[in-house]
Amino acid sequence: RSSDRNQPMDLDANHTDCAVGNDRGPCLFKGNVRIVQGTLRISAATADLRRGGGDIQKVFLTGAPVQMEQQLDNGEQVSARSSRVEYDLQSETVVFIGNATLSKPDGSVSGERIVYNMASGQIQAGSENSRVKVRFLPKNRQAKAD
Amino acid sequence: CGFHLRSALTLPPDLGPVRIASADPYSPLADDLAQALERAGAQGATEDDANAAVLDLISERWGDSPISVDQFGRAQEFTLRYAVVFELRRVDGTALVPRQAIELSRDYVASPTNAIGTEGEREILQRELRREMTASVLRRIDAVLVRGAAGAAAGDAAPTR
Amino acid sequence: AEGEDEENWGLCPIEDVVPVFPDAPAPTGDAGTRVQFPTDISGDLLDGQLEGEADDTAVIRGNVTLTRGDQFLGTDQMTYNPETGRYVAEGSVRYQDSGMRITATRAEGDQQADRHRIEDVRYQLTRRRGNGGAERVELRGDHGALIGSTYSTCAPSQRAWELRAERIDIDTAEGLGVARNATLRVGKVPVLYVPWFMFPVDDRRRTGLLYPRVGNSGRNGFDWRQPIYLNLAPNYDATLEPRLMSKRGVALGGEFRWLYGQGNGRVAGTWMPDDQLPDDEPDRYDDNRDGVSTEAERPGRNRGMFHLDAQHRLDTRWHAATNLNWVSDTHYVEDFSSSTLTNSAYFVSSDIGVFGRGRNWEASLSADHYQLADYTLSDANLPFHRLPRLVARWSQPFGRLLEVGVDAEAVRFDHEVFGGGSRLDARPYVSATIGGAAWYVAPRLAWRYTGYALENDTADALAEARARAFAAENGVPYTPALDASFRNRSPSRSLPIGSIDAGVYFDRSFRFRGERFLQTLEPRVFYLRVPYENQDDLPLFDTNLMSFSWGQLFRDNRYTGADRQADANQITTALTTRFISEDDGRERLSASLGQIHYLDESRVRLYAGEPSIERGRSAWVAEVGFMPDDRWSIGAAYQWNPKFRREDLASLRVRYLVGEAGVINLGYRYRRDPATGNDLLEQADLSFLYPINQNWSVVGRYYYSLLEKKELETIAGVQWESCCLAVRVVGRRYLRNRTGELNNALQVEFELKGLGSAGQKTERVLRRAILGYDRDDLYLVPPSSIPRGPVDDTSDPLP
């Protein structure tokens, strides 16, 4: 949901190594990291937070694979996974890198690199030396999205 | 000079019952062949008997075409042709007598100005061609089986039967 | 109508107008099922909307491919709206589905509605040969419309012909194409403009029915026939064939075929409401033209023909069958036969009946009727109609030896000129077959009773003829009293027929050039004894002297019908030898020789004054058949009459198969007229189709009557065939009509392979003239390629 931005973001993991007071210090989470922000849910192996101005600006996640789920304003459920994710909270864009797949009830997009702007709903995918694949399910079979 | 009285048609023991399959359900040839094979000692087999050898009358065709015309272009001589394509397959489907065609024909005069009796002659020729076709099919089966029997008996070295 | 033979594209270079798309997956499913498949798109870059509102479109760039079921679309860039299914593809568009392959500059469409519009197209049909270009293609499901398009089956490098049409609609489900405002170009020359033109796009059952037949002849003028195929239902269909003859008017032909559980049938007809020919060329119909006495009056203006043949299975034993024919007048066959056909039928027969067969019996109730179709003959030459005819045959074996049975026939005859009457003919018999594998003796004793109930005028005519003959023979005046004494409305004849048929079989196996053969030697003896009974009081309904032949040696009657039973005290001696290959059972050579020894004179005759058979020997009958291999086939028959020391019959037929489709036939026929003793015919016939090389083949026939010193038909032709075009130039001199005049015809025929042949179909003529021109005619059935279809009797009454 576009309202997710203003929701609190909860992170938990097996163990964290995070310099609390100093924004520039590294802040790492390891071992089934889970992030929840409104309808946005992310699970990953590691998460590396970059903070600035007292706020979290970027999160770098890795996993085998990193999983993401979110509900859109029209109620549709979106899920995505890739080996690495870069979540830039300012621009509200999530970049999935490494055989990434993003799927919705009516279809899915997969490729090496998918950029998803949560504010505008815009998706860019593909890169010079890799292909992007889009699948649209026929109307009657969209109910049971795989 | 080597001639001897023909010996009985010895159907190979493993031939088993023989079923006649025919494209045309009303073909008298199938009945005539069935009776002839029974007289030669083969057991008949019903239509749906699966483990039976099949004498397959693949196709039968009659043709009645003019072979000579008079000076006014009217047909005056016809030839009645009867062609049958058949094969005899063992129970396992392998061909005992390979697929081949027999074509018999009889010529008859049909004068344009005196057409009475032409139809009658054609019917008589048709019956005679059917009898001759039955005999021809049997002869071909006999010739192949004779070799089989001779071959089996003498290891195919010399025809000493 | 005949289906076109399967086109052979063997001569075509392997050259695709639209090469196979390497990255396209093999099409799965077809136009009908494609909507149920997911749409997969892949490309280098994607820029799209996730929310997917109505107007949001995703743009995919860089070697984009879209696949759905059997569809594949490749392009440089595509915009696609998942909600509405609308897409636009630009830049080196490549489209493929189960029916065709297309390259184009731009394509747009709607996946949901499965509607597509492709511009600046080059296409190639995949299920069938056919390629070309189009300004625009509009596809909807399995319908496609090519606007401003070309169509041809030629390879691009040898564009022998091309059809240019303002619009071609292709329906791959129906397998039909309709071209509108089409011009046909052969080479660079526009040859033909056709406003509307239907052609098949796949080889379903309709191949060949739809091609327009275009011709030109002195009699018809410009002759254009366009068959229209109506696929009414899976088991019945119809063809309409409107025909325009510039000199004569419009005719409509039609044919309706049906197939159902118990049988099938076909009804065909042609109707020409207002034929100008009788008015334009009245001299064709004058009575005594060129000395040939014709009784035909001029035909009316409405002319036509009707044909119906149908079979219906009643149960496993009985089936009904009919074959009805009608022509409007005795000039119809000649006036409407295509000018290239020699038609030799002179009457048109119709029959209908119920036929039954069982293990030991056979029965039928049928009726047949004859209609005159040749104006040089008259109704008197027609056979008697048989309305109705009952035939019954029954035989019952007793043990392995004895057999008892009866052959019976009851017929009511009717004839326009000679009246009619009813006849019952019954022949109970008892026969035995004694013998084993090597010999047989088959005595047979039959009693033949034949009784009549004649109509008055037939009885009167018969009595008068006999009374006059009696008066002439004995020099007494012909008086009504004498006439009355011969009058008998219910004559009959009753006599025994005894015969013994005996034969012995000798075999011997031998090797010849490494192949094992079985040679048989089959002497056979046939003794026939029938007492004499004067049968001059019996009418002649369906009886005539049979052509003397090998079969005649073993028949119990010299005459065909029951009106005459020849008396006989004769014995036939005959010998047959055969050489049969033991590997495959094929009979390579068979030779037979036989003769009848008449121990007594045979006095029964057809009519008073006919010479009877004297004591002595009949003609020798010899027949030889020689088939050394699959290519050679030689047949000879010879009859030598020792009494007059002359030949009664000499015929030789040699056939050699050249290569895959070539054939050479050589024939010589001499026959003496048994009734008069003079020569009936002496003819020589050479015909060939000789393939010189892949493209060129030569066709020819020389059919000459040595007796009348006159050619009956001469054909000389050449055929050039390439990948998609066959050109036949055939010259013919043939008997044009019953006056014996010869007519020259030159035909040039372009066969646009896959589209049809413009010009008279010469193939039918050549198949009739050159036996074996189409291999199917050779053995009637090519052994190799036989579909297990129903039996078809190819003796159609109308050529």
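Reading the values: rules and limits
Residues numbered from 1 in each chain as written. Chains lettered and ligands numbered in written order. Predicted model: local features only at pLDDT ≥ 70, side-chain atom pairs only at ≥ 80, totals over all residues. Heavy atoms only, no water. Helix = DSSP H or I, 4+ residues; strand = E, 2+ residues; numbered from the N terminus. Buried < 20%, exposed > 50% of the residue type's maximum accessible area, 1.4 Å probe, protein only. Contact = heavy atoms within 4.5 Å. Areas by Shrake-Rupley, 256 points an atom, 1.4 Å probe, with all protein chains shown as cover. Pairing = 2+ DSSP bridges. pLDDT = per-residue confidence, 0-100. Disulfide = S-S within 2.5 Å. Axes fitted to C-alpha atoms, helices over the stretch in contact; angles between N-to-C directions. Phe/Tyr/Trp six-rings, centres within 6.5 Å; stacked < 30°, edge-to-face > 60°. Lys NZ or Arg CZ within 6 Å of the ring centre and 35° of its normal. Core = buried A, V, L, I, M, F, W, Y, C linked by side-chain atoms within 4.5 Å. Expected span 1.5 Å × (residues − 1). Buried area = accessible area lost by both parts, 1.4 Å probe. Salt bridge = Lys/Arg side-chain N within 4 Å of Asp/Glu carboxyl O. Polar contact = N/O pair within 3.5 Å; in protein donor to acceptor, adjacent residues only side chain to side chain. Nonpolar A, V, L, I, M, F, W, Y, C, P; charged D, E, K, R; others polar.

A. Spotlight on the overall build of chain B. When its secondary structure is counted, chain B shows two helices and five strands. Along the chain direction, N to C, the helices and strands of chain B fall in the order β-β-α-β-β-β-α. Taken over 161 residues, chain B has a buried fraction of 54%. Of all intrachain contacts in chain B linking residues separated by at least 6 positions in sequence, the fraction that spans at least 24 positions is 66%. Put simply, chain B shows about 6,300 Å² of open surface, and 52% of that area lies on carbon and sulfur atoms.

B. Structural view of the pairing of strand β19 (residues 303-313) of chain C. Residue and element names in this part refer to chain C. With ten bridges joining them, strand β18 (residues 263-272) and β19 adopt antiparallel strand pairing. Counterpart to T270 in the pairing with β19 is M305. Relative to strand β20 (residues 318-327), β19 runs antiparallel, the two being bridged by nine bridges. Residue pairing across strands places H312 opposite A320, the latter belonging to β20. Counted between consecutive antiparallel strands, the loop separating β19 from β20 contains four residues.

C. Inspection of the confidence of the model for chain C at higher detail. Residues and elements named next belong to chain C. On average, chain C scores 82 in pLDDT, and the residues at 70 or more come to 87%. Taken together, the stretch residues 1-6 has pLDDT below 50 and engages in 17 contacts with residues farther than four places along the chain or on a different chain. A low-confidence stretch, residues 778-799 (pLDDT under 50), is modelled with 59 contacts involving residues beyond four sequence positions or located in other chains. Two summary scores accompany this predicted model of the complex, namely pTM at 0.75 and ipTM at 0.72.

D. Geometry of the state of the cysteines. All names here are of chain C. Under the criterion given, the structure shown has one disulfide over all chains. For C154, the disulfide goes to C724, at an S-S distance of 1.9 Å. Looking along the S-S bond of the C154-C724 disulfide, the torsion reads about 95 degrees, which is the right-handed sense. With C154 in the loop between β9 (143-151) and β10 (161-171) and C724 in the loop between β40 (710-721) and β41 (725-735), the pair connects residues that are 570 residues apart, well separated along the chain. On the basis of relative accessibility, which here comes to 0%, the residue C154 falls in the buried class. Owing to a relative accessible area of 0%, C724 belongs among the buried residues under this scheme.

E. Structural detail: the side chain of S431 of chain C. Its place among the elements puts S431 of chain C in strand β25 (residues 419-432). Ignoring sequence-local partners within four residues, the contact set of S431 of chain C consists of L401, L402, E403, P443 and R444 of chain C.

F. Quick look at the sheet that holds strand β5 (residues 95-109) of chain B. Residues and elements named next belong to chain B. The sheet built from four strands is open, its strands ordered β2-β3-β4-β5 with mixed pairing. Only two strands of the sheet have a single neighbouring strand rather than two, namely β2 (18-22) and β5. Across the sheet, the mean angle separating the axes of adjacent strands is 20 degrees when strand polarity is ignored.

G. Layout of the packing of aromatic side chains. All names here are of chain C. Applying the stated criterion across every chain, the model contains 23 aromatic pairs over all chains. Centre to centre, the rings of F347 and Y370 are 5.3 Å apart; their planes meet at 90 degrees, and the pair counts as edge-to-face. Of this pair, F347 sits in strand β21 (residues 347-357) while Y370 sits in strand β22 (residues 361-372), and the two are 23 residues apart along the sequence. Among the aromatic side chains, those forming a connected cluster through ring pairs are F384, F413, F418, Y452 and F541. Its end group placed over the ring of F21, R94 keeps NZ or CZ at 5.4 Å from the ring centre. Above the face of the Y532 ring, R603 is positioned so that its terminal group lies 3.9 Å from the ring centre.

H. Representation of the nonpolar core within the structure. In this structure, F96 of chain A together with W161 of chain C are the most contacted members of the largest nonpolar core, which totals 80 residues. Ignoring anything within four residues of it in the chain, the contact list for F96 of chain A reads M68, A80, S82, R84, V85, L102, E112, R113, I114 and Y116 of chain A. Ranked by size, the runner-up nonpolar core spans 39 residues in total, among them L15, I20, L80 and L138 of chain B.

I. A look at helix α1 (residues 28-39) of chain B. All names here are of chain B. For α1, with twelve residues, the first-to-last C-alpha span of 17 Å sits near the 16 Å given by 1.5 Å per residue. Buried within α1 are the following residues: P28, L29, A30, L33, A36 and L37. After α1 finishes, the residue G41 shows a positive phi value of roughly 105 degrees.

J. Expanded view of the interface of chain A and chain C. Chain A puts 29 residues into the contact, and the matching count from chain C is 24 residues. Surface buried jointly by chain A and chain C totals about 2,300 Å² across both partners, of which 45% is contributed by carbon and sulfur atoms. Linking chain A with chain C are two salt bridges. Between R135 of chain A and D40 of chain C there is a salt bridge whose closest N-O contact spans 2.5 Å. On inspection of chain A and its partner chain C, the count reaches eleven residue pairs in polar contact (both at pLDDT 80 or more). The set of elements that each furnish at least two residues to the side of chain A that touches chain C consists of β7 (93-104), β8 (107-117), β9 (122-125) and β10 (132-136) of chain A. Here the side of chain A that touches chain C is composed, by residue class, of twelve nonpolar, eight polar and nine charged. Here β10 of chain A runs beside strand β1 (residues 39-43) of chain C; their pairing, made up of five bridges, is antiparallel. Considered in β1 of chain C, the bridge of V134 of chain A is made with I41 of chain C.

K. Region of the structure containing the interface of chain C and chain B. At the junction of the two partners, chain C supplies 96 residues and chain B supplies 83 residues. For the pairing of chain C and chain B, the buried interface totals around 7,300 Å² over both sides, and the portion due to carbon and sulfur atoms is 51%. Among the salt bridges present, the one from R669 of chain C reaches D107 of chain B, with a minimum N-O distance of 3.4 Å. Put simply, chain C and chain B have 17 residue pairs in polar contact (both at pLDDT 80 or more) between them. Take the side of chain C that touches chain B: its biggest share by element is six residues, from strand β30 (residues 515-530) of chain C. Classifying every residue of the side of chain C that touches chain B gives 35 nonpolar, 26 polar and 35 charged. Both strand β1 (residues 4-5) of chain B and strand β29 (residues 506-512) of chain C contribute to a ladder of two bridges, which runs antiparallel. Bridge pairing links L5 of chain B to F506 of chain C in β29 of chain C.

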